[in-house]
Structures are given as C-alpha cells and as structure tokens.
Amino acid sequence: MSTNAAFSAPAASLSASTAQPWRIGLIGFGCVGQGLFDILSQQPAAGFSIARIVVKTPGKARPLPAERFEYDPQAVLEDDTLDVLVEVIDDAEVAFQLVAEALRRGRRVVTANKAMLARHLPELIRLQREGRGTLLYEAAVCGSIPVIRTLDAYFSTEPLRRLTGILNGSSNYVLTRMGEDGSDYSPALAEAQTLGFAETDPTLDMGAFDPRSKAVLLAAHAYGAFLQPEQVLNLGIEGIGAVDIAFAASQGQKIKVVAGLQRLPDGRVTVLVTPQLIGPESPLYTVDQEFNGVVIEADFAGEQFLRGRGAGGHPTGSAVLADLAALRQGFAYQYAKAAAAPTYASDLEVEIYLRTDEDRIIDLLDFSEISEEADEDEYVVGYVALENLIRHRDTLRKYGAFIVRTGRLRPISVGTELAEEVSA
Ligand SMILES: NC(=O)c1ccc[n+]([C@@H]2O[C@H](COP(=O)([O-])OP(=O)(O)OC[C@H]3O[C@@H](n4cnc5c(N)ncnc54)[C@H](OP(=O)(O)O)[C@@H]3O)[C@@H](O)[C@H]2O)c1
C-alpha cells in the first residue's frame, strides 16, 4: 500500500464532499438558527445547505433578504425534497406539534428544545419508532458539550455510578459574579441580563427549571430512566444572598447549581437539581462564568469530565451540526439502558443548609437531624426528607428560603439509627 493510499479516506466518509449536500428545512432563525446558518456558511464542504427557513413574525428585521424566509412550518414538514428538519423555535408546545408530526411522517429531525423534550420524550420515541423517523438533540443539553451521544453510544453498556453537572450557564454566571466580588443576587443577575447571559424573565434559569429539563434527558440516556420533570427536585438561587456565598467560602467551597444523578447501593436511581456546596476536589469547582461541565463516573472507565459552552449561537449550532453529520452516517439514539430501567427513588434524606427567617419553613421541612444552627445568620444545617423538599418546593420559593445541599444523601432514617451515608 502506498503512503497516499494509507492516508486516503474510506469510501463512506467521502460521501459528505462528493454526494449532493443534504437539504435542511430550518424552523426558527433566532440565536441557534442563525448560529447554525453562520457555521454552515463558513463550512461549505460540510455537505449541508439550508434550503428553506421558517420564522414566525413577518416584517421583522433580519440579517438575510426577506425572500429567504417563509412563515408556514407545515409546508416545510410536507416538503419531501428536504433531507432533514432542524427545529429551533422558542415555543415548546408548537415545537412538540411540529416534531411529532415530522416523526409521524418518518422525517429526520434535530431539535434543541429541552423543555419540549423533557415533557414529551417517551411519546417522541414511540412516534420515532412507529414512523421510522430519527430524532437527535445534542444541543438541548449543555450546548456544545457532546454529552448525550457520549452517554447513549459510548456508555451504552457500561453502568454509571453518578453524573454531576453544571447545566445552566446563566445561574452559573450569577454565582460566579457573587463569589468574585461579594455582590448580592440582584446586581449580579442584572449584569448577567445586560451581557445577554440571562433572560429578561429569569425564572427558568434561576429557578433551576431549565437544568431540570436537561437532567431528565440525561437520566434517559445515562440510566434508561424516563422521568416527568415534576418528579425531580429543582431548587433555584432566587433566594441566595452574599451571606450564603460567605458561608460556603468559610468552608473552602463554592455554591454551584448542580444536577446530581446517582445510582444508589440498591440499584435505584435518584436525580436532584439544586444548589450544592462544591469543593476544590471536584472538577466542577473551576467551571465558572457561563460555562457548563459534566462529570461522569462509570463503573469501569472511572471518572471523566467534560467542560464547555452551554449556550450561544455558535456552540449550540455546533451541536446541531454534529447531529446533522451523525444523521448522515445513520446514527440514532439506542436508549440501550431503557431495557432494564431502574426504579426512581425519592425515599431519601438529603443534608441541606437552609437559610430562612420564617420559622414555619423549618417546621414544614421537619428536619430529622440538625447538626448546626445559627440564630443570627438564620441558618440551619441538617437532614430532611427529599419528599418534603419536593412537596414544599413552591412554598420554599414563595418565602425566599435558600437551600444548598452539602452533597450527602442517606436512606430515610429509621428512628435514630442512621444507615450508611451515600454521597451525592
Ligand atoms: N439560545 C441558546 O443558546 C440555546 C441553547 C440550547 C438550546 N436552546 C434552545 O433552542 C431553541 C431556540 O432557542 P433560541 O435562543 O434560538 O430562540 P430565539 O432566539 O428566541 O429564536 C426563536 C426563533 O423561533 C422562531 N419561532 C417561534 N415560534 C415560531 C413558530 N410558531 N413558527 C416558526 N418560527 C417560530 C422565531 O421567529 P421570529 O424570528 O419571527 O420571532 C425565532 O426566529 C429553544 O428551544 C431553546 O431552549 C437555545
């Protein structure tokens, strides 16, 4: 074999450059849609062309000529000359109708809509199977970080002990700013909004609803566990103050909003998305600003750490492009672990730091053990039942209570006899 032959690509991988480019129907031309458009403009050899673009608002100022845009997604769904549909709109319900219809028609679809996916994943998988379509969504979790495909394909057969991740860049940015200069929550949030790292309505990001959707998707691929978002405890940072950051710092730790997915010693799985104390021994400790990070702990591979940009036109567009390329190679998610899906566990006790000036919140949570109490700083550290936190999360939010997990979990205590602790 000559040297050139040794380095020449196999026939299959030549197809991207020699075959006809795949024609994309792009639905949505906001941050992600424009990011993808820009990337493909810079990568003409990638083998994809955006043939049709659907948006919502006629007359809106756009960076392309008006004749490039249309307004009826149905016409694009019905266009069989398109090889693939990319759905990147900001309306979860309309997105579900479009993606469901496309899958019924047996289309290939890429989406970035985590809220829609977290709500409807089992149904979309059924439609995909029945209609023989294919749905990929790497961009929906951690933007540019290739975590979904890593879990679904690379770790399809390896059991995972734990997955911990910072899955929301907006809240991470706010926490980083508060940690850097001791500023309070409101000015840090206002700065994040000015810089475009946080939405005008910050509830989804700061209330940990957005990372909860992502955690639901991770649970499906990491464990084969299909959860409804409400099953997963999500606590946000709206109630955080400089005093909480100082408490963490006094222990050499930072507060991060962490999604923790964990296999318990009995084989069941639990998922929590809350602020958590993170020490320098964790790779997540240095995931600051608007970055995302995921630590995967596998039974045989050991610990792996992925870090990158979780949002923005180019990072998210990059993940959409990766899905397009994977589709062209015939890739589809296997959900291999769903065949032996674990039971979801919420009968656990979680160790928390709670700061509140409302005694009724402490009564409501019914601590089974209190290890530390500081009247002047209005905080308590101790164990509470996870089910109490889930049941009362809206009340906690309403009264501005701030909760951080220490990272320790244990089975519901039987009397005063404490079972072995499992760290989260
Ligand atoms: N932004 C990110 O960094 C990021 C990261 C990961 C995932 N995502 C997800 O990606 C999706 C898109 O986010 P984005 O930030 O790109 O949103 P965006 O900037 O708000 O843009 C949304 C686009 O969707 C179009 N649209 C909305 N409803 C439509 C409808 N019924 N029919 C046709 N077009 C419609 C809008 O049209 P007009 O232009 O006419 O208003 C706009 O072009 C969301 O699901 C989001 O959660 C975003």
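Cut-off values and rules
- Residues numbered from 1 in each chain as written.
- Predicted model: local features only at pLDDT ≥ 70, side-chain atom pairs only at ≥ 80, totals over all residues.
- pLDDT = per-residue confidence, 0-100.
- Contact = placed C-beta atoms within 7 Å.
- UniProt positions renumbered as here; feature names shortened; annotations may be inferred.
- Helix = DSSP H or I, 4+ residues; strand = E, 2+ residues; numbered from the N terminus.
- Expected span 1.5 Å × (residues − 1).
- Buried ≥ 20, exposed ≤ 12 C-beta atoms within 10 Å, placed from the backbone.
- Pairing = 2+ DSSP bridges.
- Axes fitted to C-alpha atoms, helices over the stretch in contact; angles between N-to-C directions.
- Parallel < 35°, antiparallel > 145°, perpendicular 65-115°, else oblique.
- Left-handed = near helix turned anticlockwise from the far one by under 90°.
- Nonpolar A, V, L, I, M, F, W, Y, C, P; charged D, E, K, R; others polar.
- Near = placed C-beta within 6 Å.
- Core = buried A, V, L, I, M, F, W, Y, C linked by C-beta atoms within 7 Å.
- Domains from an automatic or database assignment.

- If you check an unreviewed UniProt entry, the protein chain appears there as Homoserine dehydrogenase from Hymenobacter glacieicola.

### What about the confidence of the model for the protein chain?
Thinking step 1. When the pLDDT values of the protein chain are averaged, the result is 93; 93% of them are 70 or greater.
Thinking step 2. When the criterion is pLDDT under 50, residues 1-15 qualifies, and its contacts beyond four places in sequence or with other chains add up to 2 contacts.
Thinking step 3. Note on residues 415-424: pLDDT is under 50 here. Beyond four places in sequence and across chains, it has 19 contacts.

### Notes on the UniProt feature "domain: Homoserine dehydrogenase catalytic" (unreviewed entry) in the protein chain
Thinking step 1. UniProt's feature table lists "domain: Homoserine dehydrogenase catalytic" (unreviewed entry) at residues 146-324, given in the numbering used throughout.
Thinking step 2. Counted over residues 146-324, helix gives 40% and strand 25%. Its end C-alpha atoms are 13 Å apart.

### Overview of helix α6 (residues 114-131)
Thinking step 1. Taking 1.5 Å as the rise per residue, α6 with 18 residues should run 26 Å; its terminal C-alpha atoms sit only 22 Å apart, a clear shortfall.
Thinking step 2. By the burial criterion, the buried members of α6 are K114, A115, M116, L117, A118, L121, L124, L127 and Q128.
Thinking step 3. The elements touched by buried residues of α6 are α5 (92-104), β5 (108-111), β6 (134-136) and α11 (209-223).
Thinking step 4. Just downstream of α6 lies R132, where phi reads positive at about 60°.

### Focus on the UniProt feature "domain: Aspartate/homoserine dehydrogenase NAD-binding" (unreviewed entry) in the protein chain
Thinking step 1. As recorded in UniProt, the feature "domain: Aspartate/homoserine dehydrogenase NAD-binding" (unreviewed entry) lies at residues 28-138.
Thinking step 2. For the annotated span residues 28-138, helix accounts for 43% and strand for 18% of the residues, and the straight-line distance between the end C-alpha atoms is 17 Å.

### Focus: helix α8 (residues 169-181)
Thinking step 1. In this model α8 runs 19 Å from its N-terminal to its C-terminal C-alpha over 13 residues, within 8% of the 18 Å that 1.5 Å per residue would give.
Thinking step 2. Considered for burial, the residues of α8 that qualify are G169, S170, S171, N172, Y173, V174, L175, R177 and M178.
Thinking step 3. Contact partners of the buried residues in α8: β7 (160-166), α9 (185-194), α10 (203-206), α12 (242-250), β9 (254-263) and β11 (291-298).
Thinking step 4. Trailing α8 by a residue or two, G182 shows a phi angle of about 70°, which is positive.

### Notes on the sheet that holds strand β3 (residues 69-70)
Thinking step 1. With parallel pairing, the 6 strands of this open sheet are ordered in space as β3-β2-β1-β4-β5-β6. Looking along the sheet, the strands with just one partner apiece sit at the ends: β3 and β6.
Thinking step 2. One ladder, built from 3 bridges, connects β5 with β6; its direction is parallel. Note that in β6 the partner of V109 across the bridge is L135.

### Comments concerning the packing of α8 against α9
Thinking step 1. As a packed pair, α8 and α9 sit with axes 9 Å apart at the nearest point and diverge in direction by 130°. When the interaxial angle is binned, α8 and α9 end up oblique. Considering how the two elements wind past one another, α8 and α9 form a crossing that is right-handed. Note on element contacts: α9 touches α8 through Y185, A188, L189, E191 and A192, opposite S170, Y173, V174, R177 and M178.
Thinking step 2. Along the lines of polarity and charge, the residues of the contact of α8 with α9 split into 7 nonpolar, 1 polar and 2 charged.

### Observations concerning the site of the ligand
Thinking step 1. Taken together, 27 residues lie around the ligand, and G28, G30, T57, N113 and A311 are the ones closest in.
Thinking step 2. With 3 residues, the single largest contributor to the shell around the ligand is helix α3 (residues 31-42).
Thinking step 3. Partitioning the shell around the ligand into residue classes produces 14 nonpolar, 8 polar and 5 charged.

### Digging into the environment of D394
Thinking step 1. Checked against the element boundaries, D394 lands in helix α16 (residues 393-398).
Thinking step 2. Separated by 159 residues in sequence, D394 and L235 place their C-alpha atoms 9.1 Å apart.

### Thoughts on the nonpolar core
Thinking step 1. Judged by nonpolar contacts, the single largest core of 123 residues is most densely connected at V86, V99, A215, L217, A219, L261 and V320.
Thinking step 2. Top contributing element to this core by residue count: α11, with 8 residues.
Thinking step 3. When residues of this core are assigned to domains, at least three fall in each of domain 1 (3-140) and domain 2 (346-424).
Thinking step 4. For V99, the residues in contact, after removing those within four places along its chain, are E87, V109, T111, L124 and L135.

### Topic: the packing of α6 against α11
Thinking step 1. Where α6 meets α11, the axes come as close as 8 Å, and the angle between the chain directions of the two elements is 50°. Here α11 runs oblique to α6, going by the angle between their axes. Our pair here, α6 against α11, has a crossing hand that is left-handed. For the pair α6 and α11, contact is made by K114, A115, L117, A118 and L121 and by S213, K214, V216, L217 and A220, respectively.
Thinking step 2. Here the residues of the contact of α6 with α11 are counted per class, giving 7 nonpolar, 1 polar and 2 charged.

### What about the environment of I24?
Thinking step 1. Positionally, I24 belongs in strand β1 (residues 22-27).
Thinking step 2. When the 25 C-beta atoms within 10 Å are taken as the criterion, I24 is described as buried.
Thinking step 3. Counting along the chain gives 26 residues from I24 to I50, while the straight-line C-alpha distance between them is 4.7 Å.

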